[in-house]
Amino acid sequence: MVASDSEKVLARLLEAHVQHELARMDTNALREDLEREVGYVFEAADRIRMNDVISAETVNGIIHRHTVAREMPAVIPEMAATFTQEVIGSAFHRQATLADIMDRQRLEGFVDQVLLLREQRQQLIDRMLDQPVYRELVANLMYEAIVRYVYEENLLSRRVPGVGSALRFSSKMLNKAVSGLDEVWEKSIKSSISRNVEKLTRQSADFLAEHLTDQELKTSVMDAWDAFCDRPLEELAQGLGEVEWSEFVVMGYDYWLAFRKSDYYRNAYETVVNRLFEFYGDRFLGELLAEFNIDQATVMTEVDAVLPQVLEALKANGLLEGIVRRRLEAFYTSEAALSALAE
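Residues numbered from 1 in each chain as written. Predicted model: local features only at pLDDT ≥ 70, side-chain atom pairs only at ≥ 80, totals over all residues. Heavy atoms only, no water.

(A) How the structure looks around the overall build of the protein chain. Per the secondary structure count, the protein chain includes 20 helices and zero strands. Per-residue burial over the protein chain gives 21% buried out of 343 residues. Element-wise, carbon and sulfur atoms account for 57% of the exposed surface of the protein chain, whose accessible area totals about 24,500 Å². (Helix = DSSP H or I, 4+ residues; strand = E, 2+ residues; numbered from the N terminus. Buried < 20%, exposed > 50% of the residue type's maximum accessible area, 1.4 Å probe, protein only. Areas by Shrake-Rupley, 256 points an atom, 1.4 Å probe, with all protein chains shown as cover.)

(B) Broad picture of the packing of helix 5 (residues 75–89) against helix 15 (residues 245–259). Running from N to C, helix 5 and helix 15 point in directions that differ by 150°, and their axes come no closer than 8 Å. By the angle between their axes, helix 5 is roughly antiparallel relative to helix 15. Note that helix 5 runs across helix 15; the crossing there is right-handed. Two secondary-structure elements touch here, helix 5 through Pro77, Ala80, Ala81, Thr84, Gln85 and Ile88 and helix 15 through Trp245, Ser246, Val249, Val250 and Tyr253. Residue classes in the contact of helix 5 with helix 15 are distributed as eight nonpolar, three polar and no charged. (Axes fitted to C-alpha atoms, helices over the stretch in contact; angles between N-to-C directions. Parallel < 35°, antiparallel > 145°, perpendicular 65-115°, else oblique. Left-handed = near helix turned anticlockwise from the far one by under 90°. Contact = heavy atoms within 4.5 Å. Nonpolar A, V, L, I, M, F, W, Y, C, P; charged D, E, K, R; others polar.)

(C) Representation of the pattern of salt bridges. Under the criterion given, the structure shown has 20 salt bridges. A salt bridge links aspartate 33 to arginine 24; its shortest N-O distance comes to 2.8 Å. Look at arginine 24 and you get partly exposed, because its relative accessible area is 33%. Several salt bridges converge on common partners, so that one network encompasses Arg104, Glu108, Asp112, Lys218 and Asp226. (Salt bridge = Lys/Arg side-chain N within 4 Å of Asp/Glu carboxyl O.)

(D) Focus on the environment of glutamate 86. Positionally, glutamate 86 belongs in helix 5. Since its relative accessible area comes to 54%, glutamate 86 is described here as exposed. Considering only alpha carbons, one finds glutamate 86 and serine 246, 160 residues apart in sequence, at a separation of 9.4 Å.

(E) Summary view of helix 13 (residues 214–228). With 15 residues, helix 13 should cover 21 Å at 1.5 Å per step; its first-to-last C-alpha distance of 21 Å lies within 8% of that length. Looking at helix 13, one finds that the buried residues are Lys218, Met222 and Trp225. Each buried residue of helix 13 lies within a common arc of 50° when the element is viewed along its axis, so the set occupies one face. (Expected span 1.5 Å × (residues − 1). Arc of directions from axis to C-beta.)

Geometric descriptors of this kind do not, in isolation, establish any biological role.
Okay, structure coming up:
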């Protein structure tokens, strides 16, 4: 058989093979093939260890390339911001309640865990009360309280001649009678407060530590939950003004762009990956799949969900035939095929 005749025969064989494969690729037949092949994969997984197919270095490299080195498309934060605004503005969000998002039992469990952080809670109280703004607040409150007491409780009326009678006429007379004492009193009061504010701050911390018990804190949180859990989010959001929630998405994205370049992030994912391979590297893939509750039925459930529509789209656009034809014609146009046909 001459070469041209052989080529014609191979071309006809190629066409017949392509049509055979396409005929086999209806949903039911292709599903049967995939199920069979997936079964073979799961059988092989019981004989292949994770270290045989991939290494920790490879995984770390993939993470670095796709989360650190790769430029993030601008469309990602734009889409996230748009979708966030869509959710916040939707009817289902406005009408939902806190109880729809989290039930009381789960919140209570979360609160219980947070309350275990007693040392951290005390440190937080100490740091808050040690801030200059808190000391200034304490000093101002004390000063206002003393001044109100002096004037409203008539302390001066008992010691300053003429003030008692002035009080019976008008407050203006009182102000005139003690106006000369204002500066002296203010200086004296503030000096006394300044000397004692640190002690008062320490007493405040001790008071909070003594009275903010786990049970009282938990009761306060749960009481607040009970008061708000059945109110719609639209009502709870009143007073927030024109808050653009999408801006938080953008800020979070900007933070991520900076954080992914940090040594902390690199150390974090490398630690996790390296530890994962220490635990599972020498174990068979079948064991790993079982621990993640992944079996053949799980995979086929997802295949059934996507296969019909994907297959129909590939057929309608001619993509499926192109894939099959390119896969087969490499052989039918090869020297090996010609040689085999000539023998």
